[in-house]
Amino acid sequence: MKLLDGKVCIVTGAARGIGEAIALKLAEHGANVAFTFVSSSSADKAAALETKLAGLGVKAKAYQSNAADFAACEAFVSDVVKEFGTVDVCVNNAGISKDNLLLRLSPEQWDEVIDVNLKSVYNMTKQVIRPMMKAKAGSIINMSSIVGVRGNAGQASYAASKAGIIGFTKSVALELGSRNVRCNAIAPGFVETDMTHYLKEGAGAEEFLKKIPLGRFGKGEEIADATLFLASGMSSYITGQVLSVCGGLNI
Ligand code: NAI
């Protein structure tokens, strides 16, 4: 018996990076996976992932949907419930970074990061709790960041969005614990994806690595392992928590 046999899992922003690794991990453990991608340029990658997931013997479907748009999330979750029957797990993974020092951070950059990273979590969670409350079971996993826990120069908007996710997660856990709906956050450190490519390849990368006790960047699969744990019954008595998966990073 696999950890998520027959469970219906949503993953936002899964055409690449950490989201893709999570979709694959959940499917390997028997979950049926509905996932989103936002831009038409990702459609081919999303179609390829859909095929790969289906090859694992589960039901899988890609949806083009903007997580920052409330109405789009409402339509997406409604379509998933029609197609898959319910939602057992929701992984709010979609995110962007627009790094800039506060002196140069424009209101437009601020709004975009808050909308895609934080408002999206509200948009999706608001929708998925309906089927979860009905089933008296559910697990919501929100992708925060170690930067949301500790802050980081040049990332005020990103850090604020990721810290906001933590407050939201803890509040939802308090509201919905009595319905057996759990809500936790993951705080990854620096993970090798397109989002952090510039850090790994850029000047000073060696200095940066010295700050990570495990001495390397994380892999998407390592974030996916933590997600699987929080999605499954292995974490049935855990809610309102922030799980740091950061190699011991202390920034
Ligand atoms: P990525 O840039 O490779 O992937 C992000 C995904 O989100 C992309 O597929 C993108 O198309 C999608 N996305 C962006 N805006 C969207 C929207 N409005 N609606 C739906 N999807 C949208 O980044 P990565 O590294 O895979 O990050 C995934 C999550 O993990 C993000 O929330 C990020 O903030 C978080 N994270 C990443 C870390 C890292 O070191 N890579 C560290 C800590 C957190």
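Just so you know, these numbers come straight off a predicted model, no measurement behind them.

Analysis parameters
Residues numbered from 1 in each chain as written. Predicted model: local features only at pLDDT ≥ 70, side-chain atom pairs only at ≥ 80, totals over all residues. Heavy atoms only, no water. Axes fitted to C-alpha atoms, helices over the stretch in contact; angles between N-to-C directions. Helix = DSSP H or I, 4+ residues; strand = E, 2+ residues; numbered from the N terminus. Parallel < 35°, antiparallel > 145°, perpendicular 65-115°, else oblique. Left-handed = near helix turned anticlockwise from the far one by under 90°. Contact = heavy atoms within 4.5 Å. Near = heavy atom within 4 Å. Polar contact = N/O pair within 3.5 Å; in protein donor to acceptor, adjacent residues only side chain to side chain. Areas by Shrake-Rupley, 256 points an atom, 1.4 Å probe, with all protein chains shown as cover. 1 Å grid on protein atoms, 1.4 Å probe; cavity = no way out; pocket = protein on both sides within 12 Å on 5 of 7 lines; lining within 4 Å. Sits in = over half its atoms within 2 Å of the grid points. Nonpolar A, V, L, I, M, F, W, Y, C, P; charged D, E, K, R; others polar. Phe/Tyr/Trp six-rings, centres within 6.5 Å; stacked < 30°, edge-to-face > 60°. Buried < 20%, exposed > 50% of the residue type's maximum accessible area, 1.4 Å probe, protein only. Lys NZ or Arg CZ within 6 Å of the ring centre and 35° of its normal. UniProt positions renumbered as here; feature names shortened; annotations may be inferred. Pairing = 2+ DSSP bridges.

### Re the packing of helix α1 (residues 17–28) against helix α2 (residues 43–54)
Two measures define how a pair of helices packs: the angle their axes make with one another and the distance between the axes.
Then step 1. Interhelical geometry of α1 versus α2 gives an angle of 15° and a closest axis separation of 10 Å. Taken together, the axis directions place α1 and α2 in an arrangement best described as roughly parallel. Where α1 crosses over α2, the two elements pack in a sense that is right-handed. The segment α1 lies against α2, with Glu20, Ala23, Leu24 and Ala27 engaging Lys45, Leu49, Lys52 and Leu53.

### So, the site of the ligand
Then step 1. For the ligand, the set of nearby residues contains 25 residues, the closest of which are Arg16, Asn93, Tyr158, Val191 and Thr193.
Then step 2. Ala67 places a polar main-chain atom, nitrogen or oxygen, 2.9 Å from a nitrogen atom of the ligand.
Then step 3. Between Val191 and the ligand, the recorded distance is 2.7 Å, taken from a backbone N or O atom to an oxygen atom.
Then step 4. When the ligand sits alone it has 820 Å² of accessible area, and the protein chains cover 94% of it.
Then step 5. Among the cavities detected, the one that contains the ligand is the largest pocket.
Then step 6. For the shell around the ligand, the elements supplying multiple residues, two or more each, are α1 and α6 (156–176).
Then step 7. Here the shell around the ligand is built from residues that sort into 12 nonpolar, 11 polar and 2 charged.

### As for the packing of aromatic side chains
Then step 1. Taken as a whole and judged by the stated rule, the model has 3 aromatic pairs.
Then step 2. Both rings, one in Phe70 and one in Tyr122, keep their centres 5.8 Å apart while their planes meet at 25°; by these two values the pair is stacked. Remark: Tyr122 occurs in helix α4 (residues 107–135) and Phe70 occurs in helix α3 (residues 70–84); sequence separation between them is 52 residues.
Then step 3. The partly exposed category is assigned to Phe70, whose relative accessible area is 26%.
Then step 4. Residue Tyr122 is classed as partly exposed on the basis of its relative accessible area of 35%.
Then step 5. Stacked on the ring of Phe84, the Lys or Arg Lys59 has its end atom at 5.0 Å from the ring centre.

### Description of the packing of α4 against α6
Then step 1. Direction vectors running N to C along α4 and α6 enclose 15°, while the axes themselves pass 8 Å from each other. Here α4 is positioned roughly parallel relative to α6, judged by the angle of their axes. The two elements α4 and α6 cross, and the hand of that crossing is right-handed. Counted together, Trp110, Val113, Ile114, Asn117, Leu118, Val121, Tyr122, Thr125, Ile129 and Met133 of α4 and Ala156, Ser157, Tyr158, Ala160, Ser161, Lys162, Gly164, Ile165, Phe168, Val172 and Leu176 of α6 form the full contact between these two elements.
Then step 2. Grouping the amino acids of the contact of α4 with α6 by side-chain chemistry returns 15 nonpolar, 5 polar and 1 charged.

### Regarding the UniProt feature "binding site: NADP(+)" (unreviewed entry) in the protein
Then step 1. Mapped onto this numbering, the UniProt entry gives "binding site: NADP(+)" (unreviewed entry) at Gly13, Ala14, Ala15, Arg16, Asn93, Tyr158, Ala159, Ala160, Ser161 and Lys162. These residues run over 150 residues, and the two farthest C-alpha atoms among them are 24.9 Å apart, placing them at more than one spot. Set against the largest pocket, the annotated residues that line it come down to Gly13, Ala15, Arg16, Asn93, Tyr158 and Lys162.
Then step 2. Mapped onto the fold, Ala14 is located in the loop between β1 (8–11) and α1.

### Notes on the sheet that holds strand β2 (residues 32–37)
Then step 1. Pairing is parallel in the open sheet, where 7 strands are placed in the order β3-β2-β1-β4-β5-β6-β7. Both outer strands of the open sheet, β3 (60–64) and β7 (242–245), are each paired with one neighbouring strand and no more. On average, adjacent strands in this sheet sit at an angle of 15° to one another, irrespective of strand direction.
Then step 2. Relative to β3, β2 is paired through 5 bridges, and the arrangement is parallel. Bridging across to β3, Phe35 finds its partner in Ala62.
Then step 3. Across the face of the sheet, α2 comes into contact with β2 and β3 while running at roughly 175° to β2.

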